[in-house]
Amino acid sequence: MTGGCWQGALRPERETVHLFLTRGIRRFAYGAIAVIFFLYFKLEFSSSDITGILVGVFLGEWATTLLLTMTGDRIGRRRALLLSSTLMFLLGITFFLSSNTILVAFAGVIGIVSPSGGDMGTFAAVEQAIMSDTLARRTAFLKAAAAEANHNGSAVDETAASAEQQRQEAVTQFTRMLSWYQMIGSAAAAAGALTCGFAVALMTDHYGFTEGEAYRGIYLGYAGSAFAIALLYATLPSIVDVPFQSHRPPRRDTESAAGPAPQVMELPATATTAMSCCGGIKLGIHRRTTAKRVLALASLFFVDAFAGGLSMQSYMSWWFHVRWNFDHKLLGALLMGTNIIAACSGIFVSRIVKRFGPIPTMVGSHIPTNIMMVLIVFMPTAWSAAAMALLRCVLMNVYIPVRQAFTNTVVPSDERAAGNGITMSVRSLAIAVSVIAVVPMSASPSAMWQAAPFVISGGLKCFYDVGIFLVCPKLQAEADAESSRLTVRPPSTAIAGINAEGDVVDAAAPPSVNPPSRAAASPLTEASSLLRTAD
């Protein structure tokens, strides 16, 4: 029995590998697009057309992210990811085949692309929810295995562990996973940027393609990347899908005179499983406390994303091209360097978080990058400006995985995909608003106005950091208080949970006249049953 259970425990690693691969392929495509996105639009369309198309792109991403993540647990997370891959493929094919303004605008609205070079749409929201649940299942299994090894023979007893210790452990473990997730993405984006720069130079210098044709060729590769990740998503195990259950009265198989009640295991809030009763919830968020926390985070992230939209990678690429005459090879090399440095900066993230905590790590690493963002435009030479752009990336990947881990750990598992979707869709909406300001500034002949987005971006991001420092401790305290009420307790306390048959057991239920049909399962068996969902 134990051997089989251990085999089941290793299975969640399969989806983690899948998601790391899809992350790498997707960020490779995003990194390539970031080099030429703004250059292509400046070449093919007028300023008013660019504004309309870009606003449509980000509003479409906002709507798509919100819709697919809110309904992701109902339709299945794999289906949500496959649908997103299809939309990404359609955009790449349309941009490759046509430069018609109406077709491009339509494809931009319904398709998925990342002019900023980042990854903040449906893909990241759902993938992070899957990874969080994978870690929770594995943690639950290992704790149950330890309890059985100690001959407990009862439900997992975590009463000795405080809510604060559980939260710190969850944040540290999930931050470590996300730091690798972020590092793989950044390294792939670096390779994509370099590949794009040299591919465009090769097509224009040696094969006689115009710049517009070379740019559209990059979108063909973008469509190919979407097809590749769709194949990977199609082979994900079914365990990644949250079973969607309708609200129903719990089975009341509690203790009777004929025998003991089945053992019950309840997981902590930071490790709740997909079996949480979330049926009938159309929008994915069904706890008022969670809604308040998500709304607070979304408000902060709106400011951060608006500022980030003013200085997104595609705009930075265009600015270096116009201000310092960087050619495609240099632009590709510059963006490759920024992504490589960002990838390396995530190596020690989990240790930093464990030493200082998530909130000080977020604020302390983000403020210096914002100051260096402002300094880029004041550098006297092209190489000093490029050096400052590279230097600011040293701490970039310290902040991002910590922010993502914090968001996931203050939102319960059954609402996590929707919570990620709301916060990330708000970021897309904010970037859409920022585009309205960026395009007129880029159209100005004044070098001061062309550089203004970097200065405004740095200032707004510092304001956002102050908000993080003031608001997030309160959100953390609320999540800890909620977690302490849901901490695992011995079965003698008769709390509600999941019985050995996978049914919800009501704590207040009266004794049943009929005894349970089968004996209680050990915690190791219960935990492994969560891991061995049929493919």
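Bear in mind that the values here come from a model prediction, so they are computed numbers and not experimental data.

**Student:** Would you mind going over the overall build of the protein with me for this structure?
**Tutor:** Tallying secondary structure elements over the protein gives 19 helices and two strands in all. Taken across its 535 residues, the protein has 58% of its residues classed as buried. When the accessible area of the protein is evaluated, it comes to approximately 20900 Å², of which 66% is carbon and sulfur surface.

**Student:** Where do I start with a nonpolar patch on the surface in this structure?
**Tutor:** There is a patch of nonpolar side chains on the surface, built from Phe89, Leu90, Phe106, Val109, Ile110, Phe227 and Leu231 and spanning about 630 Å² of accessible area. For the nonpolar patch, the secondary-structure elements that each account for two or more residues are helix 5 (77–97), helix 6 (101–110) and helix 9 (211–234). Here Ile110 lies in helix 6.

**Student:** Looking at this model, I keep getting lost on the side chain of Thr407. Mind explaining?
**Tutor:** Structurally, the position occupied by Thr407 is in helix 16 (residues 396–409). Here Thr407 falls in the buried class, since its relative accessible area comes to 4%. In terms of polar contacts, Thr407 uses its side chain to reach the backbone carbonyl oxygen of Arg403, at 2.9 Å. With near-sequence residues (within four places) excluded, Thr407 lies in contact with Leu297, Phe301, Asn420 and Thr423.

**Student:** Is there a simple way to think about the packing of helix 3 (residues 47–70) against helix 17 (residues 416–443) in this case?
**Tutor:** Packed helices, taken two at a time, are described by their axes: the angle between them and the distance between them. Running from N to C, helix 3 and helix 17 point in directions that differ by 175°, and their axes come no closer than 8 Å. With respect to helix 17, the axis of helix 3 lies roughly antiparallel.

**Student:** How do you make sense of helix 15 (residues 382–391) when you look at a structure like this?
**Tutor:** An α-helical segment advances 3.6 residues per turn. Residues three or four places apart therefore align on the same side. Within helix 15, the full set of buried residues consists of Ala382, Ser384, Ala385, Ala386, Met388 and Ala389. Of the surrounding secondary structure, the elements contacted by the buried residues of helix 15 are helix 11 (313–324), helix 12 (328–344) and helix 14 (358–376).

**Student:** Could you clarify how one ought to interpret the packing of aromatic side chains in this entry?
**Tutor:** Each pair of aromatic rings is reported with the distance of its centres and the angle of its planes. Counted by the stated rule, this structure contains 21 aromatic pairs. Ring centres of Tyr40 and Tyr215 lie 6.3 Å apart, and the angle between their planes is 85°; this geometry places the pair in the edge-to-face category. Residue Tyr40 is found in helix 2 (residues 12–44), and its partner Tyr215 is found in helix 9; the two are separated by 175 residues along the sequence. For Tyr40, a relative accessible area of 0% corresponds to the buried category. Members of the aromatic cluster, joined through ring pairs, are Tyr30, Phe37, Tyr40, Phe41, Phe45, Phe95, Tyr215, Tyr219 and Tyr222. In this structure, Arg403 is placed above the aromatic ring of Phe301, and the distance from its NZ or CZ to the ring centre is 5.6 Å.

**Student:** Explain the pattern of salt bridges to me, please; I cannot follow it from the model alone.
**Tutor:** Side chains carrying opposite charge are able to pair once their charged atoms draw close together. Tallied over the full model, the rule gives six salt bridges. The residue Glu127 makes a salt bridge to Arg26 at a minimum N-O spacing of 2.9 Å. With Glu127 in helix 7 (residues 122–149) and Arg26 in helix 2, this pair connects stretches of sequence that are 101 residues apart. For Arg403, the salt bridge is made with Asp304, and the minimal N-O distance between the two is 3.9 Å. Here the residue Arg403 occupies a position in helix 16, and Asp304 occupies one in helix 10 (residues 288–310), the gap between them amounting to 99 residues.

**Student:** What's the story with the confidence of the model for the protein in this structure? I'm lost.
**Tutor:** Caution applies to low-pLDDT parts of the model: their predicted coordinates are not meant to be read in detail. The pLDDT averaged across the protein works out to 76; a share of 73% of its residues lies at or above 70. The model gives residues 153–161 a pLDDT under 50, and that stretch makes 24 contacts with residues more than four places away or in other chains. Segment residues 487–535: pLDDT under 50, and 126 contacts once partners within four positions in sequence are set aside and those in other chains are kept.

**Student:** Explain unusual backbone geometry here, please?
**Tutor:** Keep in mind that most residues, glycine aside, have a negative phi and that most peptide bonds are trans. Of note, the phi angle at Asn325 is positive, near 60°, even though the residue is not glycine. On the secondary structure map, Asn325 appears in the loop between helix 11 and helix 12. Classification of Asn325 by relative accessible area gives exposed; the value is 64%.

Reading the values: the criteria
Residues numbered from 1 in each chain as written. Predicted model: local features only at pLDDT ≥ 70, side-chain atom pairs only at ≥ 80, totals over all residues. Heavy atoms only, no water. Helix = DSSP H or I, 4+ residues; strand = E, 2+ residues; numbered from the N terminus. Buried < 20%, exposed > 50% of the residue type's maximum accessible area, 1.4 Å probe, protein only. Areas by Shrake-Rupley, 256 points an atom, 1.4 Å probe, with all protein chains shown as cover. Patch = residues over 30% accessible without salt bridge, like charges linked within 9 Å, V, L, I, M, F, W, Y side chains within 5 Å. Salt bridge = Lys/Arg side-chain N within 4 Å of Asp/Glu carboxyl O. Polar contact = N/O pair within 3.5 Å; in protein donor to acceptor, adjacent residues only side chain to side chain. Contact = heavy atoms within 4.5 Å. Axes fitted to C-alpha atoms, helices over the stretch in contact; angles between N-to-C directions. Parallel < 35°, antiparallel > 145°, perpendicular 65-115°, else oblique. Phe/Tyr/Trp six-rings, centres within 6.5 Å; stacked < 30°, edge-to-face > 60°. Lys NZ or Arg CZ within 6 Å of the ring centre and 35° of its normal. pLDDT = per-residue confidence, 0-100.

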